[in-house]
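Spelled out from the first residue to the last, the chains are:
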Amino acid sequence: MTIAIVGAGMGGLALARVLHVNGIEAVVYERDAARGARRQGGMLDIHSGQRALREAGLLERFLAIARREGQDMRLLEPDGTLLLQEDTPEDAPMARPEIDRTDLRTLLLDSLPEGTVRWGHAFDHAEDGVVHFANGSSARYDLLVGADGANSRVRSLLTDARPAHLGQNAVELAIPDIDRTHPDLAAMVGRGNYWVFGDGKSLAAQRNGDGCVRIGVSFYNTGEDWFTTNGIRFDDPPAVRARLIELLAGWHPRITALIAAASDDTVAPRPLATLPVGLTWPSNPTVTLVGDAAHLMPPVGEGANMALLDGAVLGAALAAHRGDFGAAVAEYEKEMFERTGKAARMSADMQELLMSPDASRRLLEFFQPS
Ligand SMILES: Cc1cc2nc3c(=O)[nH]c(=O)nc-3n(C[C@H](O)[C@H](O)[C@H](O)COP(=O)(O)OP(=O)(O)OC[C@H]3O[C@@H](n4cnc5c(N)ncnc54)[C@H](O)[C@@H]3O)c2cc1C
């Protein structure tokens, strides 16, 4: 009985690892040509997902490389007023430590037997128990698991639902080696998160384990054509930075200095989309989904945690119902729909708060309820 997992992200790798721990081998087919083929992005805040890492026998190793101090937080208004500063004590619990996405992916990849991941295999389509890849190869499967992220192609085997634009467009930038290149900005951002919210915009900067600070500048209640209508052309990074600073007119120059300091090769667009909250589909014993493919949510800190848990829960169900994929998939989906439905509702509420005109004050109340 062959289990084919499409996508070597958080969900697909957690599933492969929990299956391996339970003596079940699976193959992971990944589109990227190699492990380091693509930058993996910034930090992940891992809380409920720690349960999945325990199931995978990786919690201790995770805690050894996760960044406790990444939980630090500074919340400001656009004029530079500091509303909240929380510094994490040395002995604080590792409730929501941050980890570099690359480090977590490496931890999961290194925990799998050699050859589990087949790189350079982009899913194209599947029919009659055979999965076909863009490189012309194919493979037989008894269970196909779509772990292929936000723009999943496997998803269409189960549902017609598609991600819809969230009304938020972000530009990502980064300042590499910030301690050496911009020590003043490094001190301003601190060891964790630095958030500024105001008038339908935000700037979120975050210290990463590799010495860079990643920055996301978001524009709320904006449409899919926002980049075009604002004349933001990503083939000219200095012009993108200048335009962003213009769009943040009135913001304190200390804050916009973060944009000016970002390096050219890090400037990238990120339009955000989500799947409908509470999406379900009729269970199918030969195909299921984990992670963003199943429940793409606003990026407020739940997605990777849910993807890890999906992988662990599906892996445990497949181990408990050996050879009965129908029973395992049905058990997994029942738990997953309920758990991720709640997380998606919570994320949508948080997103509504972030998109509101008085987001910084509402966030302050959220963190410090009176
Ligand atoms: C800016 C930002 C910040 C975030 N911060 C957090 C956070 O702090 N905490 C948190 O919990 N979540 C966070 N998230 C959400 C989190 O990143 C995702 O929910 C999580 O990565 C989903 O894991 P996944 O395994 O489903 O998909 P992914 O991690 O996206 O992995 C999908 C994999 O499938 C591969 N793939 C895609 N298509 C194909 C194909 N056709 N064939 C083969 N392979 C394919 C991809 O190359 C990739 O390796 C954030 C998201 C964003 C955008």
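Just above sits the structure.
Calculation rules
In this convention, every chain numbers its residues from 1, walking through the sequence in written order. Local features are withheld for residues below a pLDDT of 70 in this predicted model, meaning they are given only at 70 or higher, and side-chain atom pairs are given and counted only at 80 or more; totals for whole chains, interfaces and linings count all residues. Side-chain numbers come from the whole structure's heavy atoms, not from hydrogens or water. Under the scheme used here, helices are H or I runs from DSSP no shorter than 4 residues and strands are E runs no shorter than 2 residues, and both carry numbers assigned from the N terminus. Whether a residue is buried, partly exposed or exposed follows from its accessible area with a 1.4 Å probe, protein chains only, as a fraction of its type maximum: under 20%, in between, or over 50%, in that order. Grid points spaced at 1 Å over the protein atoms alone were grouped into cavities, where a 1.4 Å probe fits but cannot get out, and pockets, open sets with protein on both sides within 12 Å along at least five of seven lines, with lining residues defined by an atom within 4 Å of a point. Grid points are joined across faces, edges and corners, and a volume is the space filled by probe spheres set on the points. Consider each residue's heavy atoms; a residue with any of them within 4 Å of a molecule or strand counts as near. Here a polar contact is taken to be a pair of N or O atoms separated by no more than 3.5 Å, where protein atoms must pair a possible hydrogen donor with a possible acceptor and residues adjacent in sequence count only if both atoms sit in side chains. Here the accessible surface of atoms and residues is derived via Shrake-Rupley with a 1.4 Å probe, and residues count as covered only by protein chains that are part of the display.

Visitor: What is the right way to look at unusual backbone geometry in this model?
Guide: With the exception of glycine, most residues fall at negative phi, and the peptide bonds are largely trans. Positioned with a positive phi, Asp-199 is a non-glycine residue whose angle comes to about 35°. Mapped onto the secondary structure, Asp-199 falls in the loop between strand S13 (193–198) and strand S14 (201–207). Judged by relative accessible area, Asp-199 falls into the partly exposed class, the value being 47%. We note that Asn-221 has phi near 55°; this positive angle belongs to a residue other than glycine. Looking at the element boundaries, Asn-221 is found in the loop between strand S15 (213–220) and helix H7 (226–229).

Visitor: Please clarify how empty space enclosed by the protein should be interpreted in this entry.
Guide: Think of a ball as big as a water molecule: rolled over the atoms, this probe shows where empty space is left. Applying the stated criterion to the full structure yields 1 cavity of 30 Å³ or more. Approximately 90 Å³ is the volume attributed to the largest cavity. Pro-276, Val-277, Gly-278, His-295 and Ala-344 are, among the 14 residues lining the largest cavity, the residues nearest its centre. At the level of secondary structure, the elements contributing two or more residues to the lining of the largest cavity comprise helix H10 (292–295) and helix H12 (325–355).

Visitor: Looking at this structure, how should I read the site of the ligand?
Guide: Residues in close proximity to the ligand total 33 residues, the closest being Glu-30, Arg-101, Phe-123, Asp-292 and Ala-304. In this structure, a nitrogen atom belonging to the ligand sits 3.1 Å away from a main-chain N or O atom of Arg-31. In this structure, Gly-301 approaches the ligand through a main-chain N or O atom, which is 3.3 Å from an oxygen atom. With the chains in place, 84% of the 1000 Å² that the ligand exposes on its own is no longer accessible. Listed by contribution, the elements that provide at least two residues to the shell around the ligand are helix H1 (10–21), strand S3 (43–45), helix H4 (101–110) and helix H11 (303–320).

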